[in-house]
Each structure stands twice: as structure tokens, then as C-alpha cells.
Amino acid sequence: MGTIDVKPDPWQRLVAIGSILSVLFVAVGLYVTNEANRGQQRLTEQGQITDRFTKAVEQLGQTGPEKVTVRLGAIYALERIMRDSAVDHPAVVDVLAAFVRVNAPQQPNPTQLPSRPPADIQAALTVLGRRNITHDDRGSPGRPSSRLIPDLTNTNLALADLRDANLTGSDLTDASLTGADLVRANLRLAFLARANLYGADLTGADLSIALLTGADLTNADLPGADLSNAFLEGANLNGADLTRADLTGANLTRADLSCARTDDRTRLPEGVARPAPCD
């Protein structure tokens, strides 16, 4: 039998091409519509976050002891915004840090007995201490990256509960942390120049590469603390408990280690003599 020569029908080819183009047009249309909807949704969500932020800041500014519950609600509302929007994270940190600076300044009379921070100050510190530090980057597309440094300078944080707080890179210059609970706190790269840490509990705290120039660590508890490569020039460590502490590479120039307690697990910088035990 001879072969049958079947020629393609031009009309059927045009129909097939038209069907394919129709599908593509529909797909493109759906994509554009979805992107527009998503863009509108993002704008709506950002507008809602802006409204929430504005309201929370207004509530935080209400003064007086009778408004403490309002301020507490504002602090936790700001924390929720921090979690919902990484873009607004730095602004929330700045607001909470400013709230602490304004409402918990250094005591004018340093001889006055320390008292615990008010509930709203403690709440702000708690929120700052459990923030997601991966969102501390202030950078934006096309601009250089810069790390957020929570500013808690010249604040009175005596007897504050900062156990397990993540205060990496925070600026606590000239702050009073007398008797504060800083067990396992992360103070790596923190600025603590001239800070008052008298009697503070820093058991297991990370103070590596921290700036502690002129800091008062008299009678501070530092068992198991990481002070490696810390700057402790002129620091007062008189009576401090340094058992199991790591001070490898720390700068102890003019530091007072008299009566400091150490044990065989205390790691001191090369060339630094172990403090003599007190009678």
C-alpha cells in the first residue's frame, strides 16, 4: 500500500496557537491581579501597624501612677509590633530605650539606697532584653548596614531583673546596675564604661569584648562569666567572685583585683598574677 500524505490543516494550527495564547493571557492577568492584591494588602497592613504604633506611643506618654496599666499595655503592644514588623523593630527599640532614659535617670543622690524599678520600667527592660536581635540591622536596600545600639546611658537600673536578657551591644555607659540580676545575660560588645555593677549577679553572663573601663564591679558575682577580651582598664573588681570566670585576653591595666576570689578554673590573662586570698 502507498503512504498517505496528511497535510496539516492551517486552520487547526491557528486554533491551537490561539488557545495557547489565551491561556498565557489569562495566566498573566491572574499574576498581575494577584500582585496588585498583595501590594494593596501590604499597604493596608503597614497602615494598620502605623496606626498601632502611633496609638501605643501616645499611651506610653501618659504620666502618673494611675496610668501605669495604660503604659504597660503600650509597652506590650509595641513588643507585638516588633514581632509583626521587622521594619519597625528599630523604631520600637528606640522608643522603649528613650522611655527608660527619661523615666529612670541616674539618681541625683548616689548614696540613696537602691530600689527596684517601677513596673513599667521593668517591663520595658524585659521587652528590650528579649527582642529578636537579628532585626537590629538598620540597613535598607542601597544603603550601608548599621547595627542598632539600644541607648540606656545614664539610667538607674539598680536591682533590675535582667536575667537571661539579650543586651548585646547595648550602651549602658554610666548606668547604675547595683544589685541587678544579670544571671546569664548577654552583654557581649556592650558599653559599660563607668557603670556601677556593685553587688550585681553576673553568674554565667557573657561580657566578652565588653567595654568595662572604670566600671565598679565591687563584690559582684561573676562565677562562670565570660570576660574574654573585655576592656577592664581601671575597673574595680575588689571582692568580686571570679571563680570559673574566663578573663583570657582581657585588658586589666590598673584594675583592682584585691580580695577577688578565684579558683583553679579561673582563666586569667597571660602575665596577670592570681589575686592573693583575703584573710
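Because the structure is a prediction, the values reported are computed rather than measured.

Points about the overall build of the chain
Scanning the chain from terminus to terminus reveals four helices and zero strands. The order of α-helices and β-strands along the chain, N terminus first, is α-α-α-α. Considering only contacts within the chain whose residues lie at least 6 apart along the sequence, 26% involve residues at least 24 apart. Working note: accessible area of the chain is about 15,600 Å², and carbon and sulfur atoms make up 56% of it.

What to know about a nonpolar patch on the surface
Nonpolar side chains collect at one region of the surface, where Leu189, Ile209 and Phe231 lie side by side and expose about 230 Å² of accessible area between them. Within the element layout of this structure, isoleucine 209 appears in the segment after α4 (119–129).

Remarks on the environment of aspartate 264
Secondary-structure assignment places aspartate 264 in the segment after α4. Note: C-alpha distance between aspartate 264 and threonine 243 (21 residues apart in sequence) is 7.9 Å.

Description of the packing of helix α3 (residues 89–103) against α4
Relative to each other, α3 and α4 sit at 145°, their axes nearing to 10 Å. Here α3 runs over α4; the crossing is left-handed. Contact residues: Val93, Leu96, Ala97, Phe99, Val100 and Asn103 in α3; Asp120, Ile121, Ala124, Leu125, Val127 and Leu128 in α4. Looking at side-chain class alone, the contact of α3 with α4 contains 10 nonpolar, one polar and one charged residues.

Remarks on the confidence of the model for the chain
Across the chain, the average pLDDT comes to 87, with 80% of residues at or above 70. Ranking the helices and strands of the chain by mean pLDDT puts α4 first, with 97, and helix α1 (residues 10–60) last, with 72.

Focus on the pattern of salt bridges
Think of it this way: side chains of opposite charge can pair up when their charged atoms draw near. Taken as a whole, this structure holds 13 salt bridges when the rule is applied. In this structure, the salt-bridge partner of arginine 261 is aspartate 241, at a minimum N-O distance of 3.5 Å. Within this pair, whereas arginine 261 is found in the segment after α4, its partner aspartate 241 is found in the segment after α4, the two being separated by 20 residues in sequence. Relative accessible area serves as the criterion here: at 47%, arginine 261 is assigned to the partly exposed category. The salt bridge partner of aspartate 246 is arginine 267, with a shortest N-O separation of 3.7 Å.

Some points on the side chain of threonine 153
Structurally, threonine 153 can be placed in the segment after α4. Judged by relative accessible area, threonine 153 falls into the buried class, the value being 18%. Engagement of the side chain of threonine 153 in a polar contact is seen with the side chain of aspartate 151, the distance being 2.8 Å. Discounting residues that sit within four places of it in the chain, threonine 153 has contacts with Arg101, Asp171 and Thr173.

Regarding helix α2 (residues 68–84)
Under the 1.5 Å per step criterion, the end-to-end length of α2 is 24 Å for 17 residues, consistent within 8% with the ideal 24 Å. Along α2, the residues that are buried comprise Arg71, Ala74, Ile75, Leu78, Glu79, Ile81 and Met82. The buried residues of α2 all sit within an arc of 160° when viewed along its axis, so they share a single face. In α2, those exposed residues whose orientation departs by more than 90 degrees from the buried face are Thr69, Arg80 and Arg83.

Let's talk about the nonpolar core
Membership of the largest hydrophobic core comes to 65 residues, with the highest contact counts inside it found for Leu202, Leu212, Leu222 and Leu232. Setting aside anything within four residues of it in sequence, one finds leucine 232 in contact with Leu212, Leu217, Leu227, Leu247, Ala250, Asn251, Leu252, Thr253 and Ala255.

Focus on the packing of α2 against α3
At their nearest, the axes of α2 and α3 sit 8 Å apart, and the two run at 155° to each other. Viewed along their axes, α2 and α3 adopt a mutual orientation that is roughly antiparallel. Relative to α3, the crossing made by α2 is left-handed. Residue-level inspection shows Arg71, Ile75, Leu78, Ile81 and Met82 of α2 in contact with α3, the latter providing His89, Val92, Val93, Val95, Leu96 and Phe99.

Conventions used here
Residues numbered from 1 in each chain as written. Predicted model: local features only at pLDDT ≥ 70, side-chain atom pairs only at ≥ 80, totals over all residues. Heavy atoms only, no water. Helix = DSSP H or I, 4+ residues; strand = E, 2+ residues; numbered from the N terminus. Contact = heavy atoms within 4.5 Å. Areas by Shrake-Rupley, 256 points an atom, 1.4 Å probe, with all protein chains shown as cover. Patch = residues over 30% accessible without salt bridge, like charges linked within 9 Å, V, L, I, M, F, W, Y side chains within 5 Å. Salt bridge = Lys/Arg side-chain N within 4 Å of Asp/Glu carboxyl O. Axes fitted to C-alpha atoms, helices over the stretch in contact; angles between N-to-C directions. Left-handed = near helix turned anticlockwise from the far one by under 90°. Nonpolar A, V, L, I, M, F, W, Y, C, P; charged D, E, K, R; others polar. pLDDT = per-residue confidence, 0-100. Buried < 20%, exposed > 50% of the residue type's maximum accessible area, 1.4 Å probe, protein only. Polar contact = N/O pair within 3.5 Å; in protein donor to acceptor, adjacent residues only side chain to side chain. Expected span 1.5 Å × (residues − 1). Arc of directions from axis to C-beta. Core = buried A, V, L, I, M, F, W, Y, C linked by side-chain atoms within 4.5 Å. Parallel < 35°, antiparallel > 145°, perpendicular 65-115°, else oblique.

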